[in-house]
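Residue strings, one per chain:
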Amino acid sequence: MAMLPQEISERLYKNVYVCMKCNARIRTNKPHRTKCRKCGSKQLRAVKKGMKLKK
Ligand SMILES: [Zn+2]
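Here we summarise the structure given alongside this text. Remember, predicted model here, so these are calculated numbers, not experimental data.

Rules used in this analysis
- Residues numbered from 1 in each chain as written.
- Predicted model: local features only at pLDDT ≥ 70, side-chain atom pairs only at ≥ 80, totals over all residues.
- Helix = DSSP H or I, 4+ residues; strand = E, 2+ residues; numbered from the N terminus.
- Contact = placed C-beta atoms within 7 Å.
- Pairing = 2+ DSSP bridges.
- Axes fitted to C-alpha atoms, helices over the stretch in contact; angles between N-to-C directions.
- Buried ≥ 20, exposed ≤ 12 C-beta atoms within 10 Å, placed from the backbone.

## Focus on the overall build of the protein chain
Working step 1: Counting its regular elements, the protein chain contains 1 helix and 3 strands.
Working step 2: For the protein chain, the sequential pattern of α-helices and β-strands runs α-β-β-β.
Working step 3: Within the protein chain, contacts between residues separated by at least 24 positions form 30% of all contacts whose residues are at least 6 apart in sequence.

Structure follows, in structure tokens:
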């Protein structure tokens, strides 16, 4: 299955946010109405492009 690099980064970063309290990754298309499922914080930020993911 061939995927373009652009496709891959879209999958990784599109609609993905990170909790500013516990750094949990949360996938949502409504970041303003979403709470972190781990700690319940509403402080989410977009994932930085180019940030390496933990393996
Ligand atoms: Zn959290």
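## Details of the sheet that holds strand S1 (residues 16–19)
Paired through backbone hydrogen bonds, the strands of a sheet run either parallel or antiparallel to each other.
Working step 1: Pairing is antiparallel across the open sheet formed by 3 strands, whose spatial order is S2-S1-S3. Of all the strands in the sheet, the pair left with one neighbour each is strand S2 (25–27) and strand S3 (44–46). Across the sheet, the mean angle separating the axes of adjacent strands is 40° when strand polarity is ignored.
Working step 2: In the sheet, S1 pairs with S3 via 3 bridges, with the strands oriented antiparallel. In the strand pairing of S3, tyrosine 17 is matched with alanine 46.

## Remarks on helix H1 (residues 5–13)
Working step 1: Counting buried positions along H1 gives 0 out of 9 residues, so the element sits mostly on the surface.
Working step 2: Note on H1: the residue one or two positions beyond its end, asparagine 15, has a positive phi of about 60°.

## A look at the pairing of S1
Working step 1: The alternating pattern of S1 places Tyr17 and Cys19 on a buried face and Val16 and Val18 on a face that is not buried.
Working step 2: One ladder, built from 3 bridges, connects S1 with S2; its direction is antiparallel. Of the residues in S2, the one forming a bridge with tyrosine 17 is isoleucine 26.
Working step 3: If you look at the hairpin formed by S1 and S2, you'll find 5 residues sitting between the two strands, and asparagine 23 has a positive phi there, around 65°.

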